[in-house]
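Residue-level structure breakdown
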Amino acid sequence: MMSHMTTTALRVVPYTRDYRATFNDMMFFSSYMHLHLDWSHVDTWLHSDDAIAYVALYHDRAIGFLGASRPIMGKTWIRVAVFKDETAIMPALYSLWDAIQQTLILLQATDIYWMIFDDWLYNPLSRLGLSSVDEVITFVRYNSPMLISTTPYTIRSANMNDVDVLFEIDKQAFAPMWQMTHDDMRYARRVASVCTMALHGDEIVGFQLSTMHHHNGHLARLAVLPKMQGKGVGSALVSDLVRYFNRRHLDYVSVNTQLSNTASQHVYTKLGFVRNGYDMPIWGIPLTKS
Ligand SMILES: CC(C)(COP(=O)(O)OP(=O)(O)OC[C@H]1O[C@@H](n2cnc3c(N)ncnc32)[C@H](O)[C@@H]1OP(=O)(O)O)[C@@H](O)C(=O)NCCC(=O)NCCS
């Protein structure tokens, strides 16, 4: 029984490709898995420079994996966690958490966040000392006409050549915990079904990036330069996008935002989006050097 685990038989090692098959099996079979990657496939991510990942071994057999992304401005997210079974969770998590924290501190991380997609995480994360910091909430807008209001901005399609500018706007607009890497931005643009930018004169001042799945659209990213916020740029981008999706007869458009992000919620509700109750708590903990 894992609950009688002898700690001497438990050790943590950095993840390497040797564990790939075991990891994939565990991700497939275990009920205790967490996966939070917005833009990359888990296998690609795990073998990329962005991944800081460890394996917990008990008598040399893998019983758990934990992976965080490289911190951006001190903030990092747990991207992958998986445990062999329920009894493996706490012993494995405690040792993995120690290892990952030490590495993250060396990388100047100040906070770790964990998006809670599943109820099984509440108890283990409380025991690690994490607590609620915010919530991701979802809005949807069912297909219905969107009135055209006049806007001083030109909306144009953004292509791969615009990625650097979009990345710069994104970096300025989002708080550190929501920043994405340049690689993610490139990937996001590549897989987006529609990505548009708003121009004020010649200057690109905001953009949106959306995906399409079967009969619905998802607004995945919306950002406006801080100096231009509150001047109708976001609303112009979203209403143009909704009209684009309406023309394609999509059933609905969804979007996620944070409970604390009242400005974006104002834009969505004003344009006919409603909350659908699909909420995901975000838990976190500051890192302290011990
Ligand atoms: C959210 C964001 C895209 C909105 O773009 P924007 O160009 O500022 O939006 P608009 O000017 O069209 O509309 C903003 C509306 O929110 C209102 N608003 C501004 N700050 C607000 C606040 N703190 N709380 C409530 N409403 C607020 C404005 O008055 C305006 O309403 P109005 O059109 O009725 O006057 C922009 O603020 C941004 O880039 N934020 C950082 C990134 C982000 O949060 N992206 C969305 C995450 S999903």
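As a starting point, this report considers the structure included with it. Computed from a predicted model, the values in this text were never measured in an experiment.

1. Describing the overall build of the protein
- Within the protein one finds 8 helices and 14 strands.
- Radius of gyration (C-alpha) of the protein: 21 Å, near the 19 Å computed for a compact globule of 290 residues.
- Considered along the principal axes of its C-alpha atoms, the protein spans approximately 70 × 35 × 30 Å.
- Among the 290 residues that make up the protein, the fraction classed as buried is 53%.
- In the protein, the share of contacts with a sequence separation of at least 24, taken over all contacts with a separation of at least 6, comes to 73%.

2. Concerning the pattern of salt bridges
- Tallied over the full model, the rule gives 8 salt bridges.
- Note that Asp-111 and Lys-75 form a salt bridge whose closest N and O atoms lie 2.8 Å from each other. Linking Asp-111 in strand S6 (residues 111-115) with Lys-75 in strand S5 (residues 75-83), this pair joins segments that are 36 residues apart in sequence.
- Exposure remark for Asp-111: the relative accessible area of 15% places this residue in the buried category.
- When the shortest N-O distance is used, the salt bridge between Lys-171 and Glu-168 registers 3.6 Å.

3. As for the pairing of strand S9 (residues 194-200)
- When you tally the buried positions in S9, you get 6 out of 7 residues, the bulk of the element.
- Two elements, strand S8 (residues 154-157) and S9, share 4 bridges in a ladder whose sense is antiparallel. Opposite Ile-155, over in S9, you have Ala-198 as the bridge partner.
- What sits between S9 and strand S10 (residues 203-213) in their antiparallel hairpin is a turn of 2 residues, with Gly-201 showing a positive phi close to 65 degrees.

4. What to know about the site of the ligand
- The immediate surroundings of the ligand are formed by 22 residues, with Gly-230, Gly-232, Ser-235, Asn-261 and Lys-270 found nearest.
- Here an oxygen atom of the ligand sits 3.4 Å away from a polar atom, N or O, in the main chain of Val-233.
- Thr-262 places a side-chain nitrogen or oxygen 3.0 Å from a nitrogen atom of the ligand.
- Contact with the protein chains hides 72% of the accessible area of the ligand, taken as 940 Å² for the molecule alone.
- It is helix H8 (residues 262-270) that contributes the most residues to the shell around the ligand, 7 residues altogether.
- Along the lines of polarity and charge, the residues of the shell around the ligand split into 9 nonpolar, 11 polar and 2 charged.

5. Some words on the environment of Gln-102
- Inspection of the secondary structure puts Gln-102 in helix H3 (residues 86-106).
- Relative accessible area serves as the criterion here: at 55%, Gln-102 is assigned to the exposed category.
- In this structure, the C-alpha to C-alpha distance between Gln-102 and Val-140, residues 38 residues apart in sequence, is 40 Å.

6. Re the packing of helix H7 (residues 233-247) against H8
- Contact pair H7 / H8: the axes reach a minimum separation of 10 Å and the direction vectors enclose 40 degrees. The orientation of H7 with respect to H8, classified from their angle, is oblique. Along this stretch, H7 crosses H8, giving a crossing that reads as right-handed. In contact with Gly-234, Ser-235 and Val-238 of H7, H8 contributes Val-267, Tyr-268 and Lys-270.
- Residue composition of the contact of H7 with H8, by class: 3 nonpolar, 2 polar and 1 charged.

7. Points about the pairing of S6
- The buried count for S6 comes to 5 of 5 residues, which makes it a mostly enclosed element.
- Covered by surrounding structure in S6 are Asp-111, Tyr-113 and Met-115 together with Ile-112 and Trp-114, the residues of both alternating faces.
- As a crossover connection, the stretch from S5 through H3 into S6 is right-handed.
- For S6 and strand S14 (residues 280-286), the ladder comprises 5 bridges, and the chain directions are antiparallel.

8. Section: the nonpolar core
- Counting 53 residues, the largest nonpolar core has Phe-207, Val-233, Val-238, Tyr-268, Phe-273 and Ile-282 as its most contacted members.
- Each of two domains, domain 1 (2-129) and domain 2 (137-280), supplies a minimum of three residues to this core.
- Other than its neighbours up to four places away in sequence, Phe-207 contacts Leu-166, Ile-169, Asp-170, Met-185, Thr-196, Met-197, Arg-221, Leu-222, Ala-223 and Leu-237.

9. Structural notes on H7
- Taking 1.5 Å per residue as the helical rise, H7 with its 15 residues ought to reach 21 Å, and the 21 Å between its terminal C-alpha atoms agrees with that figure.
- For H7, a buried count of 13 out of 15 residues is recorded, marking the element as mostly surrounded by other parts of the structure.
- One or two positions beyond H7, positive phi appears at His-249, with a value near 60 degrees.

10. Section: the side chain of Asp-50
- Tracing the backbone through its elements, the reader meets Asp-50 in the loop between helix H2 (42-46) and strand S3 (51-58).
- Here Asp-50 sits buried without a salt bridge, and the closest side chain of opposite charge, Arg-70, lies 5.3 Å off (N-O distance).

Rules of the game
- Residues numbered from 1 in each chain as written.
- Predicted model: local features only at pLDDT ≥ 70, side-chain atom pairs only at ≥ 80, totals over all residues.
- Heavy atoms only, no water.
- Helix = DSSP H or I, 4+ residues; strand = E, 2+ residues; numbered from the N terminus.
- Rg over C-alpha atoms; globule rule 2.2 N^0.38 Å.
- Buried < 20%, exposed > 50% of the residue type's maximum accessible area, 1.4 Å probe, protein only.
- Contact = heavy atoms within 4.5 Å.
- Salt bridge = Lys/Arg side-chain N within 4 Å of Asp/Glu carboxyl O.
- Pairing = 2+ DSSP bridges.
- Near = heavy atom within 4 Å.
- Polar contact = N/O pair within 3.5 Å; in protein donor to acceptor, adjacent residues only side chain to side chain.
- Areas by Shrake-Rupley, 256 points an atom, 1.4 Å probe, with all protein chains shown as cover.
- Nonpolar A, V, L, I, M, F, W, Y, C, P; charged D, E, K, R; others polar.
- Axes fitted to C-alpha atoms, helices over the stretch in contact; angles between N-to-C directions.
- Parallel < 35°, antiparallel > 145°, perpendicular 65-115°, else oblique.
- Left-handed = near helix turned anticlockwise from the far one by under 90°.
- Right-handed = clockwise from strand over helix to strand, strands pointing away.
- Core = buried A, V, L, I, M, F, W, Y, C linked by side-chain atoms within 4.5 Å.
- Domains from an automatic or database assignment.
- Expected span 1.5 Å × (residues − 1).
- Lys, Arg positive; Asp, Glu negative; His and termini not counted.

Purely spatial values, then, with no claim about function.
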